[in-house]
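Now for the letters of each chain:
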Amino acid sequence: MSHPQQSGRPLKVAIICHSDLLGGASIVTYRLMAALRDAGVDARMVVFNKYSEDPSVEEGASRLLRGTVFFYERLGIALRNGFSRKNLFKVSTASTGLPVHNHPWVKEADVILLSWINQGLLSLRGIERLSRLGKPIVWTMHDMWCLTGICHHARECRAYFNECGHCQFLTGGSSNDLSRSVFLKKQKLFDRIPITFVAVSNWLAGCSSKSRLLGNRDVRVIPNAFPIDSFFTHPTTRIERLVEAENYILMGAARLDDPIKGLPAAIEALNYLFDNRPDIAKRSQVVFFGALGDSNALAGLRFPFQHLGTINDPNTLRQLYARSKVVLSSSLYETLPGTLIEGLASGALPVSFGRGGQADIIDHKVNGYIAEYGNHVDFARGIVWAIESNPDREALHEDIRRRFSASAVASRYLDLFDELLGNSSD
């Protein structure tokens, strides 16, 4: 399709996101910006923290102002939470923010695309100020924050079906706590201004449909963009640190033992395999990558393994995926698991629980295995299924490229922008 234009010039899109390179949501947003630019769109990012040298990215204010608004939002949460640090970053209130509406890129834009805007970048009042510019606003949801009062992942809580309250991440247990008051502020904001929300998975869209905040709003589904073409289906060089094995089983995260990643469940499944399928354990090696908060987090694992720590070299990571037969995700919740997409792009079969966007990626027992949630025996069964399968790695790569490549995702956003600007050919 041809990319949208306004008055004979390239479409201008201002993307507002907390960072360009720090954190999963920021990385996929930066990839989307690059894909839009490749499609001829004048896309630029206004961020809280900039880490790249890209001239298409600018910080939204001075370091002093950024530090001040960040501090005051966190202080407001701490005051209502007994000054506990335990859950300080599991919630956000958007009580403070930068004057993003005054940034020239935002003023000149035809479309404003909000991404992950928390921790001081944009306040609820700031979003209302953006709406006064009279431009279509699209908001990409990378977690549950838009559909809850204050939390980024509700876990088992269903209070967002109503108006929140009794928040699990706050002390006190009041029905009129901070989660309820922010929920009501969001409700008033969403009633006043038109926003088109984009969920990055059907699971997140399903959660939105049950939320009193977003149940009657315009919510589309467009996945995150991935550099699929850069992932190999066959290894091209040796990795020095890798222990020799017939089958590699890969599992990684920024922090492996983050409770939401469910590492104990993976260990339990692997130990079950070690005890019940020694033939597989003898020929296999689990390779973990990512940081560990607790150095003993893997101490109870009997299955042969090695931990490579944080891998900062993208080529090494791609080589690891290309050598692996299986990629694991035992996360308790995952909006759209990037490691599973990257694994499939490299020809590795994913094994995962299904509490999240996994079903958007995996067709059960066709290109991966979705285990019964919390069932370590079924998870182990999935690993056996993947190891004993002999998939067409090139076909796996091509299928993922068609669905999740940066160009494919950018094209879907361009269709949405066309529609909102009244340029649709329908």
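Further up the page is the structure itself.
To start, this report covers the structure provided alongside it. (Residues numbered from 1 in each chain as written. Predicted model: local features only at pLDDT ≥ 70, side-chain atom pairs only at ≥ 80, totals over all residues. Heavy atoms only, no water.)

As for the overall build of the protein chain
In plain terms, the rule: To qualify as a helix, a DSSP run of H or I must reach at least 4 residues; to qualify as a strand, a run of E must reach at least 2; elements of each kind are numbered from the N terminus. Only C-alpha atoms enter the radius of gyration; for comparison, a globular chain is expected to reach 2.2 Å times N to the power 0.38, where N is the number of residues. Between two residues, a contact is recorded if the distance between any of their heavy atoms is within 4.5 Å. Throughout, the Shrake-Rupley method with a 1.4 Å probe supplies accessible areas, and for residues the shown protein chains are the sole cover considered. Lys and Arg are tallied as positive, Asp and Glu as negative. Neither His nor the chain termini are counted. Taken as the charge location is NZ of Lys, CZ of Arg, CG of Asp or CD of Glu.
Scanning the protein chain from terminus to terminus reveals 13 helices and 15 strands. What you see for the protein chain is a C-alpha radius of gyration of 22 Å, in line with the 22 Å of a compact globule of 426 residues. Sequence-distant contacts, at least 24 apart, represent 67% of the contacts inside the protein chain between residues at least 6 apart. As presented, the protein chain carries roughly 18,100 Å² of accessible surface, and 49% of it is formed by carbon and sulfur atoms. Considering the protein chain, the positive charge centre built from 48 side chains and the negative charge centre built from 43 side chains are found 6 Å apart.

Some thoughts on the pairing of strand 4 (residues 42–49)
Successive residues of a regular strand alternate their side chains across the two faces of the sheet. For clarity, the cut-off: Using a 1.4 Å probe on the protein chains alone, a residue whose accessible area is under 20% of its type maximum counts as buried, one over 50% counts as exposed, and one in between counts as partly exposed. Whether two strands pair comes down to DSSP finding at least two bridges between them. When the strands point away from the viewer, a crossover counts as right-handed if the route from the first strand across the helix to the second turns clockwise.
Extensive coverage of strand 4 is indicated by the burial of seven of its eight residues. Here strand 3 (residues 12–19) pairs with strand 4 via seven bridges, running parallel. Paired with Ile16 across the strands is Val46, a residue of strand 4. A crossover connection joins strand 3 to the parallel strand 4 through helix 1 (residues 24–38); in handedness this β-α-β unit is right-handed. As paired strands, strand 4 and strand 5 (residues 57–59) are joined by three bridges and run parallel to one another. Residue pairing for strand 5: Met45 is matched across the bridge by Val57.

Let's talk about the side chain of Lys135
As a reminder of what qualifies: Note on definitions: salt bridges are taken to be side-chain nitrogens of Lys or Arg within 4 Å of carboxyl oxygens of Asp or Glu. Whenever two N or O atoms come within 3.5 Å, that pair is a polar contact, provided that in protein one can donate a hydrogen and the other can accept it, and provided that, for residues adjacent in sequence, both atoms are side-chain atoms.
Tracing the backbone through its elements, the reader meets Lys135 in the loop between helix 4 (124–131) and strand 7 (137–141). Asp110 provides the closest opposite charge to the buried, unpaired Lys135, separated from it by 6.2 Å. Polar contacts involving the side chain of Lys135 include one to the main-chain carbonyl oxygen of Lys107, which spans 2.8 Å. Not counting residues up to four positions away in its chain, the partners in contact with Lys135 are Val106, Lys107, Glu108, Ala109, Asp110 and Ile112.

A few points about the packing of helix 10 (residues 338–345) against helix 12 (residues 393–404)
Quick reminder of the rule: The axes are straight lines fitted to the C-alpha atoms, using for helices just the contacting stretch, and the angles between their N-to-C directions are given from 0 to 180°. Small angles under 35 degrees read as roughly parallel and large ones over 145 as roughly antiparallel, with 65 to 115 read as roughly perpendicular and the rest as oblique. Note on residue classes: Ala, Val, Leu, Ile, Met, Phe, Trp, Tyr, Cys and Pro are nonpolar, Asp, Glu, Lys and Arg are charged, and everything else, Gly too, is polar.
Between helix 10 and helix 12, the shortest axis-to-axis distance is 7 Å and the interhelical angle comes to 130°. Looking at the two axes, helix 10 sits oblique to helix 12. Residues Ile341, Leu344 and Ala345 of helix 10 pack against Leu396, His397, Ile400 and Phe404 of helix 12. Partitioned by chemical class, the residues of the contact of helix 10 with helix 12 number six nonpolar, one polar and no charged.

As for the side chain of Thr140
Here Thr140 is to be found in strand 7. Looking at Thr140, its side chain comes within polar contact range of the side chain of Tyr413, at 2.8 Å.

Some details on helix 5 (residues 178–192)
Rules: Residue count minus one, scaled by 1.5 Å, sets the expected span of a helix.
When the terminal C-alpha atoms of helix 5 are compared, their 21 Å separation across 15 residues agrees well with the 21 Å that a helix rising 1.5 Å per residue should span. Restricting attention to buried positions, one finds in helix 5 the residues Leu178, Ser179, Arg180, Val182, Phe183, Lys186, Gln187, Leu189 and Phe190.

Considerations on the packing of helix 1 against helix 13 (residues 406–420)
Two elements in contact, helix 1 and helix 13, have axes whose closest approach is 9 Å; the angle formed by their N-to-C orientations is 75°. With respect to each other, helix 1 and helix 13 are oriented roughly perpendicular. Of the residues in helix 13, those touching helix 1 at Leu32, Ala35 and Leu36 are Ala406, Val409, Ala410, Tyr413, Leu414 and Phe417. Split by residue class, the contact of helix 1 with helix 13 holds nine nonpolar, no polar and no charged.

Regarding the sheet that holds strand 11 (residues 284–291)
With parallel pairing, six strands are arranged side by side in an open sheet as 12-11-10-13-14-15. Edge positions in the sheet fall to strand 12 (305–307) and strand 15 (369–371), since each of these pairs with one other strand and no more. Strand-to-strand, the axes of this sheet are offset by a mean angle of 20°, without reference to chain direction. Sheet topology note: the strand 11/strand 12 ladder contains three bridges and is parallel. Its bridge partner being in strand 12, Val287 is matched across the sheet by Gln306.

Points about the sheet that holds strand 9 (residues 219–221)
Spatially, seven strands are ordered 5-4-3-6-7-8-9 in an open sheet, and the strand pairing comes out parallel. If you trace the sheet from one side to the other, it starts and ends with strand 5 and strand 9, each paired once. For this sheet the average axis-to-axis angle between neighbouring strands, irrespective of direction, equals 25°. Sheet analysis places strand 7 next to strand 8 (residues 196–199), joined by four bridges and oriented parallel. Within strand 8, the residue paired with Met141 across the bridge is Ala199.

Notes on the packing of aromatic side chains
Heads up, the condition is: Note on aromatic contacts: the rings of Phe and Tyr and the six-membered ring of Trp form a pair at centre separations within 6.5 Å, being stacked when their planes are under 30 degrees apart, edge-to-face when over 60 apart, and tilted otherwise. Working rule: Lys NZ or Arg CZ, within 6 Å of ring centre, within 35 degrees of ring normal, means a charge sits over the ring.
Inspection of every chain in the model, using the stated rule, returns 14 aromatic pairs. Ring geometry for Trp139 against Phe190: centres 6.2 Å apart, planes inclined by 90°, an arrangement best described as edge-to-face. Highlighted residues: Trp139 in strand 7 and Phe190 in helix 5, separated in sequence by 51 residues. The exposure class assigned to Trp139 is buried, which follows from its relative accessible area of 2%. Look at Trp139 and Phe197: their rings are 5.8 Å apart centre to centre, the planes differ by 25°, and that puts the pair in the stacked class. Taken together, the positions of Trp139 in strand 7 and Phe197 in strand 8 put the pair 58 residues apart, joining distant regions of the chain. The rings of Trp139, Trp145, Phe190 and Phe197 are connected pair by pair, giving a single aromatic cluster. The ring of Trp145 carries Lys186 above its face, with NZ or CZ at 3.4 Å from the centroid. When the ring centre of Tyr373 is taken as origin, the NZ or CZ atom of Arg355, which lies over that ring, is 3.7 Å away.

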